[in-house]
Amino acid sequence: MKQIFIANWKMNLNVEESLDLVKKIDSLLKKNKDTEKNDVVVCPSFLSLWAINNYFNQKKSKIKLGAQNIFWEEKGAFTGEISPKMLKEVNCQYAIIGHSERRENLWESDQMINQKVRTALKFGLTPVVCVGETFEERKRGQRDSVIGRQVGRALEGVKKNEFRKIIIAYEPVWVIGIGQAVEPEDAAYSHHLIRKVLFKSYSEKIVAKDLRVIYGGSVNPDNIDSFICQDGIDGVLVGSASLEADKLVKMVKSFSCPKRKK
Ligand code: PGA
């Protein structure tokens, strides 16, 4: 299974800045052919998708595009929302769904997240479903139950043949954007837990072979090795450290972990 690097640029760069950054990343990655064996996805703001897609087409870039969110309807009276169909028009292949910043600031519920996941699949977008407990939940001993609930609800009604397209991102909420990740073994435990939850509804073989479970939360060039060398961690979702081309490319280069079995 290919490991995947997903850059989440959040609400940080305008169109010009995003284009500048992709130009640098693209040219650095092209100089390191080794990096092509893994998937690299950038998720800029909606406004930048069109320009970046044009650039990628022109330059025959291998980098893929993702959105930071989607809406669950195709079209209609939904002021301010972006339809999955519009995202497909600009060649988006991935959509981050249920990021904790949206769960918290915009009160996105498990039900809304489930609707978005199903719509993304319907339109051929790969959902990157974010799950993870808050610090308070962990202190109360609720990590396993929160992860179990979020994963189970997000995937309700997802058919077996669609399931293998999904990516689950485990992001412990309190380590997002603080520069200090959880211990890699700790993340690996949650990754195993996510798979265990899914064994109940989907075949163990598919979960083990096709489902990518990735880690997010203060990943940077200094700690990335320790995550991607863990069995069961199939990639990373990176915020702050993905905003600089050198750092991003350094992280993508470390994907060839010799110790990794799977
Ligand atoms: P971070 O963000 O890498 O800045 O912690 C990760 C995320 O929110 O997806």
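Predicted model only: the values in this text are computed from it and were never measured. (Residues numbered from 1 in each chain as written. Predicted model: local features only at pLDDT ≥ 70, side-chain atom pairs only at ≥ 80, totals over all residues. Heavy atoms only, no water.)

With that settled, consider the state of the cysteines. Where two cysteines share a covalent bond between their sulfur atoms, that bond is called a disulfide. Using the criterion set out here, one finds 0 disulfides in the structure. The thiol sulfur of Cys43 is not disulfide-bonded, and the nearest other cysteine sulfur, from Cys92, lies at 7.5 Å. Cys43 supplies the cysteine sulfur nearest to Cys130, a cysteine that is in no disulfide, at a spacing of 9.5 Å. (Disulfide = S-S within 2.5 Å.)

Right, let's get into helix α7 (residues 143-154). Because each turn of an α-helix spans 3.6 residues, side chains separated by three or four positions in sequence point in the same direction. Along its 12 residues, α7 runs 16 Å from first to last C-alpha, staying within 8% of the 16 Å computed at 1.5 Å per residue. Within the span of α7, buried status applies to Arg143, Val146, Ile147, Gln150, Val151 and Ala154. For α7, the angular spread of buried residues about the axis comes to 120 degrees, placing them on one side. Here the buried face of α7 lies against α4 (100-105), α5 (110-122), β5 (126-131), α6 (135-139), β6 (167-170) and α9 (184-199). (Helix = DSSP H or I, 4+ residues; strand = E, 2+ residues; numbered from the N terminus. Expected span 1.5 Å × (residues − 1). Buried < 20%, exposed > 50% of the residue type's maximum accessible area, 1.4 Å probe, protein only. Arc of directions from axis to C-beta. Contact = heavy atoms within 4.5 Å.)

Turning to the UniProt feature "binding site: substrate" (unreviewed entry) in the protein chain, a few remarks are in order. Per the UniProt record, "binding site: substrate" (unreviewed entry) is annotated on Asn8, Trp9, Lys10, Gly177 and Ser218. For the annotated residues, spread through 211 residues, the largest C-alpha to C-alpha distance comes to 14.0 Å, consistent with a single compact locus. Positionally, Lys10 belongs in the loop between β1 (4-8) and α1 (15-31). Excluding its chain neighbours within four sequence positions, the residues that come into contact with Lys10 are Cys43, Gln68, His99, Glu101, Ile176 and Gly239. Considering the arrangement of structural elements, one finds Ser218 in the loop between β7 (212-216) and α11 (224-228). Aside from chain neighbours lying at most four places away, what touches Ser218 is Val175, Ile176, Gly177, Ile178, Gly179, Gln180, Ala181 and Asn223. (UniProt positions renumbered as here; feature names shortened; annotations may be inferred.)

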